[in-house]
Every structure is written in structure tokens, then in C-alpha cells.
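Residues per chain are reported as follows:
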Amino acid sequence: MKTITLHADDVTFGPFQDEFGYIGNSKEIQIGNKLYTIDFPGFHSWLKNTRRYSPYSNPKGFSTDGLEVWINQGYNYAIMLRKLLPHHIDVYYGFWKDFGDGTWRFCKTQIP
């Protein structure tokens, strides 16, 4: 089964990744011979804050102010992605989270 992850992480190569690496860009994803257009309201504005909320791609500019809201917005975009793609493709949302011990872990949740 094909797996696509929307990464709330450094988007230098694009926010979407499959099991082999980054695919597409912030505007479209190519899966096989089908092109899917990403036209989610506010998605590109949300992506602009990726470096601000990534603890490892931007350690000096990293901020936790507004992080939870931003993570939740990303989850909603992953739900939109789930609705866009066929159901034989698994969709995940990946994000950084500190569970209170000062260590940032990359988490990944499946979108049903």
C-alpha cells in the first residue's frame, strides 16, 4: 500500500513524502501517472511558518509560541489531504512534539 506523509517539518524539498522520499511540492503531488493539485485554503501561509516551528531546522528562530495551534492546523490539512487522495493510499501527518522532558521527537499519526 502506498503511504504519503504531510510533514510539519523543514520543507526545503516539499511537505509531502512517500516511502521513497519527497514527492511533489507545496502545490501538487504526482502519484503514479496522476497529478493531485493541493489547493487547501491557507495551506501556503501555514507552510511559511514551518521553519519557525521546527526545532532542528531553525534552532535560533525556533518558537513554541503558537506551536500547538500550528500543529493542529497541520492536522486539519492532513485531513483535507486524506479526502483528496484515493483510499488505497495511507495518509499520515508528521510533526515535532516535546512531551515535557525537553527532548523533541518526531511524531507521526495516521489519518483515517
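The structure contained in this document is the topic of the report that follows. (Residues numbered from 1 in each chain as written. Predicted model: local features only at pLDDT ≥ 70, side-chain atom pairs only at ≥ 80, totals over all residues. Heavy atoms only, no water.)

### What to know about the pairing of strand β7 (residues 104–111)
- The pairing of strand β6 (residues 89–98) with β7 spans 8 bridges and is antiparallel. Note on β7: the bridge partner recorded for Val91 is Ile111.
- In textbook terms, the turn of a hairpin is the stretch between consecutive antiparallel strands, and for β6 and β7 this stretch comprises 5 residues, one of which, Gly100, has a positive phi near 95°. (Pairing = 2+ DSSP bridges. Helix = DSSP H or I, 4+ residues; strand = E, 2+ residues; numbered from the N terminus.)

### A closer look at the pairing of β6
- Counting buried residues along β6, 8 of its 10 residues qualify, which places the element largely inside the surrounding structure.
- With 6 bridges joining them, strand β1 (residues 2–7) and β6 adopt parallel strand pairing. Of the residues in β6, the one forming a bridge with Leu6 is Tyr93. (Buried < 20%, exposed > 50% of the residue type's maximum accessible area, 1.4 Å probe, protein only.)

### Some thoughts on the nonpolar core
- With 29 residues, the main nonpolar core has Leu6, Phe16, Phe43, Trp46, Leu81, Leu85 and Tyr93 as its most contacted residues.
- Breaking this core down by element, the ones donating at least two residues are β1, β4 (28–31), α1 (43–48), α2 (67–84), β6 and β7.
- Looking at which element gives the most residues to this core, the answer is α2, with 6 residues.
- The residues touching Trp46, leaving out its near neighbours within four places in the chain, are Leu6, Ala8, Trp70, Gln73, Gly74, Tyr77 and Tyr93. (Core = buried A, V, L, I, M, F, W, Y, C linked by side-chain atoms within 4.5 Å. Contact = heavy atoms within 4.5 Å.)

### Notes on the pattern of salt bridges
- Applying the stated criterion across every chain, the model contains 3 salt bridges.
- For Glu68, the salt bridge goes to Lys97, with nearest N and O atoms at 2.7 Å. Taken as a pair, Glu68 in helix α2 and Lys97 in strand β6 lie far apart in primary sequence, 29 residues in all.
- You can call Lys97 partly exposed: its relative accessible area is 22%.
- Across the salt bridge formed by Arg105 and Asp101, the nearest N and O atoms sit 2.8 Å from each other.
- A relative accessible area of 35% places Arg105 in the partly exposed class. (Salt bridge = Lys/Arg side-chain N within 4 Å of Asp/Glu carboxyl O.)

### Quick look at the side chain of His7
- Residue position: His7 is located in strand β1.
- Of the residues examined, His7 reaches a relative accessible area of 9% and is grouped as buried.
- Reaching out from His7, the side chain makes a polar contact with the side chain of Gln17 at a distance of 2.6 Å. (Polar contact = N/O pair within 3.5 Å; in protein donor to acceptor, adjacent residues only side chain to side chain.)

### Thoughts on the sheet that holds strand β2 (residues 16–18)
- A sheet is described by the order of its strands in space; here 5 strands give the open sequence β3-β2-β1-β6-β7, paired in mixed fashion. The open sheet terminates on both sides in strands that have one partner only, identified here as β3 (21–22) and β7.
- The strands touched by α2 are β1, β2, β6 and β7; relative to β6, the strand with the most contacts, the crossing angle is about 175°. (Axes fitted to C-alpha atoms, helices over the stretch in contact; angles between N-to-C directions.)

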